[in-house]
Amino acid sequence: MPEVLDKKVSRRSFMKWSGVIGGSAALVGTAAHLGMPGTQSAAAAVDGAEGVDKTVWSACVVNCGSRCPLRLQVKDGTIVRVLPDNTGDDTLWNRQIRACVRGRNMRQRVYNPDRIKKPLKRVGAKRSDAEFEEISWEEALDLLAEKLRYTYDTYGPEAVYKQYGSGVWNAHVANSGGWARLFNLLGGHLNYYGNYSYLQISQCTRYFYGSPDEQISNSFEDAVENSKLLVLWGNNPLETRMSGGGMTYVATLAKQAGLRMIVVDPRYSDSASVLADDWIALRPGTDAALVAGMAHVMISENLQDQDFLDQYCVGFDEDHMPEGAPLNASYRSYIEGKGEDGIEKTPEWAAEITGVPADKIRRFARDVAQTKPVNIAQGWGPQRHANGENSANSVYLLAAMTGNVGIPGGGTGGREGYFWPYTSWIDDGVNPVETSISCYRWTDVIDHGPEMTALRDGVRGKDKLDVGIKFMLVYGSSMLSSQHGDINRTREILDDDTKCEFIVGMDNQLTSSMKMCDLVLPDTTTSERWDIIPSEYTGDIAYEIMAERAIDPLYESRPAIEVTMELAKRLGIGDEFSEGKETSEDWARWVQDKVRDEHPGMFPTFDELKDEGVFRYRTPEGTTVALRSFRDDPEANPLDTPSGKIEIYSTRLAELADTWEFPDPIPGDEITPIPAYVVTREGVEEARTNEKYPLQCIGHHFKGRTHSTYGNLTNLKEAHHQRVWINPADARERGIESDDIVYVYNDRGRISLPANVTPRIVPGVLSVPQGAWVDFDDDGVDHGGAVNMLTSLHPTPLAKGNGQHTNLVQVEKA
């Protein structure tokens, strides 16, 4: 832990020490760039194992939001030790990018018995039989080329689908592996919009702030400088972004500097236990009700920033409604009980729904309203509920009501801001197909694609689909049997190979999703190929990392980009695809040359980066303050909404509510023009009356995995146990004690795993760490403890997305 974390310093002296105050927009490089003593090669020579042949730079590239450099020490062609970053220092703007336990365990991933060693062809009667024979690369490529030609000739490009996945996320060469480039050159493929991380908030934001990009708020670095209060609303950086490249370091420094923090979460997460001055323990899916109760307090006590609402927003009160809106349709009317439901949204009303005592709601509302400025940073858990769009927009509303939008120390109510890196991905070309689906609807497209329409199913680019998915690529993805909802139903759909006729998977581990494929190709790990790795959600510093090929590819594994190049040759587009490049190193050099051309004099050469390992730089803006220009001059810098302002009442949402089709609606299938609380399927209200399944069940990220990646590593499984969190009151009622093996189940599936009896989760709620690998017994019980055995495929109303945190279950001792 950095030395500063043990010091008791004033916030002012802390900021001087860390270089926050008066920081320039100049580049922040490696130790060598900064003129600091020593170089990376010198540092590598004095730590780690002795007598190694070489120490090379690599990275952990899974989708945690960080990207962390690793130094791999190699002896006799074998990686013998993994070391962390040794560049930078302990200051805020040049912090070391120290990998967490996942990245530090990379050797166990590289040399895992689950490595796919040769191409595998399915021979089982059903995909779920997971029976394969080994074939040669020549056979595999010939088969793949044949299936692609057949699909394009028979069904057209909309029948080809590249599955969403994040197992190789943000490695610039490996990210697409050339697959999208190949498909685009062949005629295109069915698109998807959104992603499993933040699909709902990415779609609802356009109606509130005008653009999906505005879901990003002020940075944590800005909060360190300027905020008086940081509210982490369903936001858990100490577990979801826990590396040096993530937000753990910045959030911890902010706490040490005296920034007050409040966590809103059904779980007393690590972020709550380490950072929070207070914990608001609400029931899952009730965020919009909590905000409504807080809004009632602010309105009753005249604590809202009315000047901001009048100047920058439409739809808060009846005096500022868009033309044509119904009477008493404003948000204030909804809160005061003048709206359609006639219910006043008092703290007592909110307490009954959320489980947060009314007096605590009042104190929380006054604190947020009267403290200036406040950064309300919502994570992506709240929007992953059955009506997560309204939950997300309600937190935005809270930022607007308190006038915190567009100012230093405040924020939009979205996720903490960041500086997106300049480094480009490989050029995938242009997809000629304009049709797209929600990334969560692919199983429906396989099952009944031609029945799906724009108004009912969220199809974009045309009124309806003409064909289902017939050919699917699954690259670095575990959607087929881990990350997608309702695993049993998903496997049932995929077992019918008259629907999706061919599935090709490529990964370096034989995951449960790879076992659902017809052809499985062995990919390399990052240590067996070349790449340039950029940062992602790393605050106001960005960086790039050299990923050098440390060892030769193991077994018969090949880098995806070299596989797609060979496949392109077979399909007659080899020269157009490769443009003279032959290896992963050629493509990595192209990536670095491109960013150097786009930013002359800024970035190191490929060979310089190979020696230095990491190159840091920071935002020219100093710190990220979202919507600053809009706040400074709303007329000169209007938002991309019909009014040009923040739309608390959206006429576009009102139109969708009138025109979109919900032929068999269930609770929650409702679009509202304001961020109203909506009762949903399997929510808190149903839990109170459902005798069969009375417990809400959510999933949470935890330290042992990033989604499903690293889920098979023994060291991590021993250090971080897969256990279901259960409140002592619920456990006592069922005779359950910690470490008892329990069944958690509903009509969709059943899992078996140990119990963690703890007061760190609210009563009536279970939480299962998400991403576990399934392990079925003969009765179909999953002993791996995968939460998506319990989740639903039913889409959210607006984004048609993954409301995977809205589930009702029962639990009992095994």
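Figured I'd write up the structure that's included with this text. (Residues numbered from 1 in each chain as written. Predicted model: local features only at pLDDT ≥ 70, side-chain atom pairs only at ≥ 80, totals over all residues. Heavy atoms only, no water.)

### Here's the deal with the packing of aromatic side chains
This structure, assessed with the given rule, holds 33 aromatic pairs. With a centroid separation of 5.8 Å and 85° between ring planes, the pair formed by phenylalanine 419 and tyrosine 617 is classed as edge-to-face. Of this pair, phenylalanine 419 sits in the loop between helix 17 (388-401) and strand 13 (436-438) while tyrosine 617 is found in strand 19 (residues 614-618), placing the two residues 198 residues apart along the sequence. As far as burial versus exposure is concerned, phenylalanine 419 and tyrosine 617 are alike and both buried. Cluster of aromatic residues (ring-pair linked, three or more members): Tyr161, Tyr164, Tyr192, Tyr196 and Tyr440. For the cation-ring pair, lysine 117 lies above tyrosine 555, with the distance from its terminal atom to the ring centre recorded as 5.0 Å. (Phe/Tyr/Trp six-rings, centres within 6.5 Å; stacked < 30°, edge-to-face > 60°. Helix = DSSP H or I, 4+ residues; strand = E, 2+ residues; numbered from the N terminus. Buried < 20%, exposed > 50% of the residue type's maximum accessible area, 1.4 Å probe, protein only. Lys NZ or Arg CZ within 6 Å of the ring centre and 35° of its normal.)

### A few points about helix 7 (residues 199-208)
Within helix 7, nine of the 10 residues are buried, which leaves the element mostly enclosed by the surrounding structure. Within helix 7, burial applies to Leu199, Gln200, Ile201, Ser202, Gln203, Cys204, Thr205, Tyr207 and Phe208. Lining the buried residues of helix 7 we find strand 7 (191-193), strand 12 (374-378), helix 17, strand 13, strand 20 (646-647) and helix 27 (651-659). Positive backbone phi, at 105°, marks glycine 210, one or two positions downstream of helix 7. (Contact = heavy atoms within 4.5 Å.)

### Points about the packing of helix 12 (residues 287-300) against helix 17
Where helix 12 meets helix 17, the axes come as close as 8 Å, and the angle between the chain directions of the two elements is 25°. Accordingly, the angle class assigned to the pair helix 12 and helix 17 is roughly parallel. The element helix 12 and its partner helix 17 pack so that their crossing is left-handed. In contact with Asp287, Ala288, Val291, Met294, Ala295, Met298 and Ile299 of helix 12, helix 17 contributes Asn390, Ser391, Ser394, Val395, Leu397, Leu398 and Met401. The class makeup of the residues in the contact of helix 12 with helix 17 is 10 nonpolar, three polar and one charged. (Axes fitted to C-alpha atoms, helices over the stretch in contact; angles between N-to-C directions. Parallel < 35°, antiparallel > 145°, perpendicular 65-115°, else oblique. Left-handed = near helix turned anticlockwise from the far one by under 90°. Nonpolar A, V, L, I, M, F, W, Y, C, P; charged D, E, K, R; others polar.)

### Details of the layout of surface pockets
Each pocket or cavity is described by its volume, and for the second largest pocket that value is around 750 Å³. Lining of the second largest pocket is provided by 32 residues; of these, Glu340, Glu670, Thr672, Ile674 and Ala676 occupy positions nearest its centre. No other element matches helix 27, which puts four residues into the lining of the second largest pocket. Grouping the constituent residues of the lining of the second largest pocket by class yields 18 nonpolar, six polar and eight charged. (1 Å grid on protein atoms, 1.4 Å probe; cavity = no way out; pocket = protein on both sides within 12 Å on 5 of 7 lines; lining within 4 Å. Points joined across faces, edges and corners; volume = space filled by probe spheres on them.)

### Description of the side chain of glutamine 96
Within the secondary structure, glutamine 96 sits in the loop between strand 3 (78-84) and helix 3 (101-104). Taking relative accessible area as the criterion, glutamine 96 reaches 18% and is therefore assigned buried. In terms of polar contacts, glutamine 96 uses its side chain to reach the side chain of arginine 98, at 2.6 Å. If near-sequence neighbours (up to four positions away) are discounted, glutamine 96 is found in contact with Asp85, Asn86, Thr87, Gly88, Asp89, Gly244 and Arg616. (Polar contact = N/O pair within 3.5 Å; in protein donor to acceptor, adjacent residues only side chain to side chain.)

### Some words on the environment of lysine 569
When you line up the elements, lysine 569 lands in helix 22 (residues 560-570). Residue classification places lysine 569 among the exposed positions, given a relative accessible area of 56%. Spatially, the C-alpha atom of lysine 569 lies 9.8 Å from that of alanine 145, the residues being 424 residues apart in sequence.

### Here we look at empty space enclosed by the protein
A complete count under the given rule lists seven cavities of 30 Å³ or more for this structure. Of the volumes computed, that of the largest cavity is approximately 160 Å³. If you trace the largest cavity, you find 23 residues lining it, with Pro284, Gly285, His385, Val678 and Thr680 closest to the centre. Every element with two or more residues in the lining of the largest cavity is listed here: helix 17, helix 28 (684-689) and strand 21 (695-700). Along the wall of the second largest cavity there are 15 residues; nearest its centre are Val61, Arg109, Asn508, Thr525 and Thr526.

### Observations concerning the nonpolar core
A general trend in soluble globular proteins is that nonpolar side chains are found buried together. One finds Trp233, Met294, Tyr331 and Ile646 to be the most contacted residues of the largest nonpolar core, which totals 76 residues. When residues in this core are grouped by element, the largest group, 10 residues, is from helix 12. Apart from the residues within four sequence positions on either side, tyrosine 331 is in contact with Val291, Ala292, Ala295, Gly315, Phe316, Leu397, Ile648, Ile674 and Pro675. Cys60, Met546, Ala560 and Val563 belong to the second largest nonpolar core, which has 75 residues in total. (Core = buried A, V, L, I, M, F, W, Y, C linked by side-chain atoms within 4.5 Å.)

### Focus on the pairing of strand 3
As defined by bridge partners, strand 2 (residues 68-75) adjoins strand 3 across six bridges and the pair is classed as antiparallel. Following the sheet pairing, valine 74 is matched in strand 3 by isoleucine 79. A loop of two residues connects strand 2 with strand 3, the two strands running antiparallel in sequence, and aspartate 76 in this loop sits at a positive phi of about 55°. (Pairing = 2+ DSSP bridges.)

### Looking at the sheet that holds strand 9 (residues 260-264)
By definition, the strands of a sheet pair up through backbone hydrogen bonds, in either a parallel or an antiparallel sense. Spatially, the four strands line up as an open sheet ordered 10-9-8-12, and their pairing is parallel. Here the strands that pair on one side only, and so sit at the sheet edges, are strand 10 (278-280) and strand 12. On average, each strand axis in the sheet is tilted by 20° relative to the strand beside it, whichever way the strands run. Where strand 8 (residues 229-233) and strand 9 come together, five bridges link them in parallel fashion.

### As for unusual backbone geometry
Residues lysine 372 and proline 373 are joined by a peptide bond in cis, for which omega reads -10°. Among the secondary structure elements, proline 373 is positioned in the loop between helix 16 (358-370) and strand 12. One non-glycine residue, glutamate 579, lies in the positive phi region at around 50°. Note on placement: glutamate 579 falls in the loop between helix 23 (574-578) and helix 24 (584-598). Positive phi values are uncommon outside glycine, yet leucine 627 reaches one of about 60°.

### Quick word on the sheet that holds strand 18 (residues 541-547)
Sheet architecture is open: three strands sit in the order 17-18-19, paired in antiparallel fashion. Edge positions in the sheet fall to strand 17 (531-534) and strand 19, since each of these pairs with one other strand and no more. On average, each strand axis in the sheet is tilted by 20° relative to the strand beside it, whichever way the strands run. When strand 17 meets strand 18, the two strands line up antiparallel, connected through four bridges. Bridged to isoleucine 532 within strand 18 is methionine 546. Contacting strand 17 and strand 18, helix 24 runs over the sheet at an angle of about 50° to strand 17.

### Quick notes on the pairing of strand 21
With six of six residues buried, strand 21 is to be regarded as a mostly interior element. Burial along strand 21 is two-sided: the face carrying Leu695, Cys697 and Gly699 and the face carrying Gln696, Ile698 and His700 are both buried. With two bridges connecting them, strand 21 and strand 26 (residues 808-813) associate as antiparallel partners. In the sheet register, leucine 695 faces strand 26, and the bridge partner there is valine 809. In this sheet, strand 25 (residues 765-769) lies alongside strand 21 in parallel orientation, the contact comprising five bridges. The residue bridging histidine 700 from the neighbouring strand is proline 769, located in strand 25.

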